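Notes for the structure review
Read off the chains here:
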Amino acid sequence: MSDNATFINLFKNQLRNTPPKIVVLTGAGISAESGIKTFRDNDGLWENHRVEEVATPEAFVENPALVYRFYNARREQLQSASVKANEAHKALAKLEKAFQDNLLLVTQNVDNLHEQGGSNRVLHMHGELLSARCSRSEKTFVWRDSFDENTPCPCCGGKTLRPDIVWFGEMPLYMDDIYNALSNADIFIAIGTSGNVYPAAGFVQVAQEAGAYTIEVNLAPSSTNALFDESITGLASAEVPALVEIIINRTAGL
């Protein structure tokens, strides 16, 4: 990271709002430190399944039993005692508390670790693991247990429940809200993202075109790293709390 003075001088030059408006995007890297396996391991598989087998609408039609089992296993893992919010999640909750409605946290993750860490303003653009959706009405329901094709839907009683997950080929959620926030942001921070999955990979360009100061925090530079004003390499659990302290302390009174 550049020294504090350099960071805040650059930041001040781009301020349009006091307090500043901040958009944070998080990806699998922030949850990996909490024991959540990233969706794609180095071999491109998750629990020995190809993406095409478990994370597309076509896969759900072709083999719904496999898709249900896959997400039931992920839901069970998420609720295990070993999976807990880490210091990066907690730091972002602190940032939200400091900036309140001027901060929007957007996550590509389907876990609830941001909420566990204390964040309230979270948009899950790819859906939520602890949720089920009616394929007929599109209503969603908090769901912590396993379910399958025979589980009756709470709203219609039919066999219409599916995982509340945005699969490849489906439109991510809350896009209007996200783009609106990006177009008004003073700071955009991407944490633990690969830069490979669109539309999220394009958020940095939207934010930059709107005049935001852009920061990437990652274990290794992402595919879009060159587009960021600032690049921080390291574990999110160490780097995010440090960055949050800088933003809170150096913007106090602006």
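Quick caveat: nothing in here was measured; it's all calculated off a predicted structure. (Residues numbered from 1 in each chain as written. Predicted model: local features only at pLDDT ≥ 70, side-chain atom pairs only at ≥ 80, totals over all residues. Heavy atoms only, no water.)

**Overview of the overall build of the chain**
We count it as follows: The secondary structure listing takes helices from DSSP runs of H or I that are at least 4 residues long and strands from runs of E that are at least 2 residues long, numbered from the N terminus. Think of it in three bands: residues with accessible area under 20% of the maximum for their type are buried, residues over 50% are exposed, and the middle band is partly exposed, with areas taken using a 1.4 Å probe on protein chains only. Contacts between residues were defined by any pair of non-hydrogen atoms, one from each residue, lying within 4.5 Å. Note on areas: these come from Shrake-Rupley sampling with a 1.4 Å probe, and a residue is covered only by the protein chains present in the view.
Counting its secondary structure elements, the chain contains 10 helices and nine strands. A burial count over the chain gives 50% of its 254 residues as buried. Of all intrachain contacts in the chain linking residues separated by at least 6 positions in sequence, the fraction that spans at least 24 positions is 66%. Of the roughly 11,900 Å² of accessible surface on the chain, 48% is carried by carbon and sulfur atoms.

**Overview of the layout of surface pockets**
Keep this limit in mind: A 1.4 Å probe that fits but cannot get out identifies a cavity on a 1 Å grid over protein atoms alone, an open set with protein on both sides within 12 Å along at least five of seven lines counts as a pocket, and a residue lines either if it has an atom within 4 Å of a point. Grid points are joined across faces, edges and corners, and a volume is the space filled by probe spheres set on the points. Three classes are used, and their members are as follows: Ala, Val, Leu, Ile, Met, Phe, Trp, Tyr, Cys and Pro are nonpolar, Asp, Glu, Lys and Arg are charged, and the others, Gly among them, are polar.
The space that makes up the second largest pocket amounts to roughly 190 Å³. Taken together, Val 110, Asn 112, Glu 115, Glu 128, Leu 129, Leu 130, Ser 131, Thr 140, Phe 141, Val 142, Arg 144 and Asp 164 form the lining of the second largest pocket. Residue assignment for the lining of the second largest pocket shows that the elements contributing at least two residues are strand E4 (127–134) and strand E5 (140–142). Sorting elements by how many residues they give to the lining of the second largest pocket places E4 first, with four residues. For the lining of the second largest pocket, the class distribution of residues is five nonpolar, three polar and four charged.

**With respect to the pairing of strand E1 (residues 22–26)**
Test applied: Here, any two strands with at least 2 DSSP bridges between them count as paired.
By the criterion of burial, E1 is predominantly enclosed, with five of the five residues buried. Because side chains alternate across E1, one face comprises the buried residues Ile 22, Val 24 and Thr 26, and the other comprises Val 23 and Leu 25, equally buried. By the bridge criterion, five bridges tie E1 to strand E2 (residues 103–107) in an arrangement that is parallel. When the bridges of E2 are listed, Ile 22 appears paired with Leu 103. Where E1 and strand E7 (residues 187–191) come together, five bridges link them in parallel fashion. Among the inter-strand pairings, Val 24 is bridged to a residue of E7, identified as Ile 189.

**Quick notes on the sheet that holds E5**
For the record, the criterion: Helix axes are fitted only over the stretch in contact, all axes being lines through C-alpha atoms; the angle between N-to-C directions runs from 0 to 180 degrees.
Taken in spatial order, the three strands of this open sheet run E5-E4-E6, and their pairing is antiparallel. Looking at which strands have only one partner, the edges of the open sheet turn out to be E5 and strand E6 (161–165). For this sheet the average axis-to-axis angle between neighbouring strands, irrespective of direction, equals 45°. Two elements, E4 and E6, share four bridges in a ladder whose sense is antiparallel. If you follow Arg 133 over to E6, its bridge partner there is Arg 162. Each of E4 and E6 touches helix H5 (residues 64–78); the most contacted strand, E4, lies at about 135° to it.

**Details of the nonpolar core**
The test is simple: Nonpolar cores are built from buried Ala, Val, Leu, Ile, Met, Phe, Trp, Tyr and Cys residues. Side-chain atoms within 4.5 Å join them into one set.
Counting 26 residues, the largest nonpolar core has Tyr 71, Leu 78, Leu 161 and Trp 167 as the members making the most contacts within it. With six residues, H5 is the largest single contributor of residues to this core. Tyr 71 has contacts with Val 54, Ala 55, Leu 129, Pro 163, Ile 165 and Trp 167, leaving out every residue within four places of it along the chain. Counting 24 residues, the second-largest nonpolar core is a separate cluster that includes Ile 30, Ile 187, Ile 215 and Val 240.

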